Amino acid sequence: MTIIEHDFGKKEKDKVRRFTKLVTLEAQHEANVLANPLPYLERAEERITQIEMALTEAANAAAYDPPGYVQTGEKIEIDRAEYERLLRCKQILDAAIAKM
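Figured I'd write up the structure that's included with this text.

Calculation criteria
Residue positions are counted from 1 within each chain, in the order its sequence is given. The predicted origin of the model limits local features to residues at a pLDDT of at least 70 and limits the giving and counting of side-chain atom pairs to 80 or more, whereas totals for whole chains, interfaces and linings rest on all residues. No hydrogens and no water enter the side-chain calculation; it runs on all heavy atoms of the structure. Runs of E in the DSSP output that reach at least two residues are strands. Runs of H or I that reach at least four are helices, and both are numbered from the N terminus. Each residue is assigned to one of three classes by its accessible area relative to the maximum for its type, calculated with a 1.4 Å probe on protein chains only: buried under 20%, partly exposed between the two thresholds, exposed over 50%. By the convention used here, residues are in contact when the closest approach between their heavy atoms is within 4.5 Å. What sets the accessible areas is the Shrake-Rupley method with a 1.4 Å probe; for residues, cover comes only from the shown protein chains. Here, a salt bridge means any side-chain nitrogen of Lys or Arg that lies within 4 Å of a carboxyl oxygen of Asp or Glu. Expected helix span is computed as 1.5 Å times (number of residues minus one). Between N-to-C directions, angles span 0 to 180 degrees; the directions come from axes that are lines fitted to C-alpha atoms, helices contributing only their stretch in contact. Comment on the angle field: the value is read as roughly parallel under 35 degrees, roughly antiparallel over 145, roughly perpendicular from 65 to 115, and oblique elsewhere. When the near helix sits turned anticlockwise from the far one by under a right angle, the crossing is termed left-handed; a clockwise turn instead gives a right-handed crossing. The patch calculation keeps residues exceeding 30% relative accessible area without a salt bridge and links them within 9 Å when they carry like charges or within 5 Å when they are nonpolar (Val, Leu, Ile, Met, Phe, Trp, Tyr).

**Some details on the overall build of the protein**
Then, in step 1: The helix and strand tally for the protein stands at four helices and zero strands.
Then, in step 2: Each helix and strand of the protein, ordered N terminal to C terminal, gives the series α-α-α-α.
Then, in step 3: In the protein, which comprises 100 residues, the proportion classed as buried is 12%.
Then, in step 4: Taking all contacts inside the protein whose residues are at least 6 apart in sequence as the whole, residues at least 24 apart take part in 40%.
Then, in step 5: When the accessible area of the protein is evaluated, it comes to approximately 9200 Å², of which 56% is carbon and sulfur surface.

In structure tokens:
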């Protein structure tokens with residue numbers, strides 16, 4: 001006896017459902033994504049570009065000598081926990097920029 005597997009389009013629907021979730025669309029858009037995915041892909045591409053720009057700006061701001069930086073010689077004190085949090089944020093930004 002041989003079993004014939006058929007998913008009746010389940011895998012494709014799951015991909016569309018995941019995509020609509022990632023692009024933050026409502027469930028009613030799933031049929032539209034299948035019928036005409038181009039506008040949704042353009043919207044996703046625009047959002048990715050915005051995120052990349054934000055990451056780049058944040059990484060530049062976290063750099064030791066960001067563009068336009070003028071050293072004033074003024075010293076400030078911050079809590080060690082705050083400093084470590086800022087260092088972790090910088091590491092996350094650096095890792096994200098390296099993956100781009």
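Having seen the model, we can carry on.
**Points about the pattern of salt bridges**
Then, in step 1: What the rule picks out here adds up to two salt bridges.
Then, in step 2: Among the ionic pairs, Arg85 bridges to Glu82, the shortest N-O distance being 2.7 Å. Taken as a pair, Arg85 and Glu82 lie in helix α4 (residues 80-99) at a separation of three residues, close to a single helical turn.
Then, in step 3: On the accessibility criterion, Arg85 (37% relative accessible area) is partly exposed.
Then, in step 4: A residue is classified by how much of its surface remains accessible, and Glu82, at 31% relative accessible area, is partly exposed.
Then, in step 5: For Lys90, the salt bridge identified is with Asp94, shortest N-O distance 3.0 Å. Here the residue Lys90 and the residue Asp94 both occupy positions in helix α4, the gap between them amounting to four residues, near one helical turn.
Then, in step 6: The buried category is assigned to Lys90, whose relative accessible area is 18%.
Then, in step 7: On the basis of relative accessibility, which here comes to 37%, the residue Asp94 falls in the partly exposed class.

**So, helix α3 (residues 38-62)**
Then, in step 1: In a regular helix each residue adds 1.5 Å, so 25 residues correspond to 36 Å; α3 covers 36 Å between its end C-alpha atoms and thus fits that length.
Then, in step 2: Those residues of α3 not exposed but buried are Tyr40, Ala44 and Ala59.

**Examining the packing of α3 against α4**
Then, in step 1: Two numbers describe how α3 lies on α4: the axes approach to 9 Å, and their chain directions differ by 130°. On the basis of the axis angle, α3 is oblique to α4. Considering the relative orientation of α3 and α4, their crossing is left-handed. Across from Leu55, Thr56, Ala58, Ala59 and Ala62 in α3, the residues of α4 making contact are Lys90, Leu93, Ala96 and Ile97.

**Points about a nonpolar patch on the surface**
Then, in step 1: A cluster of nonpolar side chains, contributed by Ile76, Ile78, Tyr83, Leu86 and Leu87, occupies part of the molecular surface with about 490 Å² of accessible area.
Then, in step 2: Mapped onto the elements of the fold, Leu86 is located in helix α4.
Then, in step 3: Given a relative accessible area of 42%, Leu86 falls into the partly exposed group.

This is a description of form; function is not addressed.
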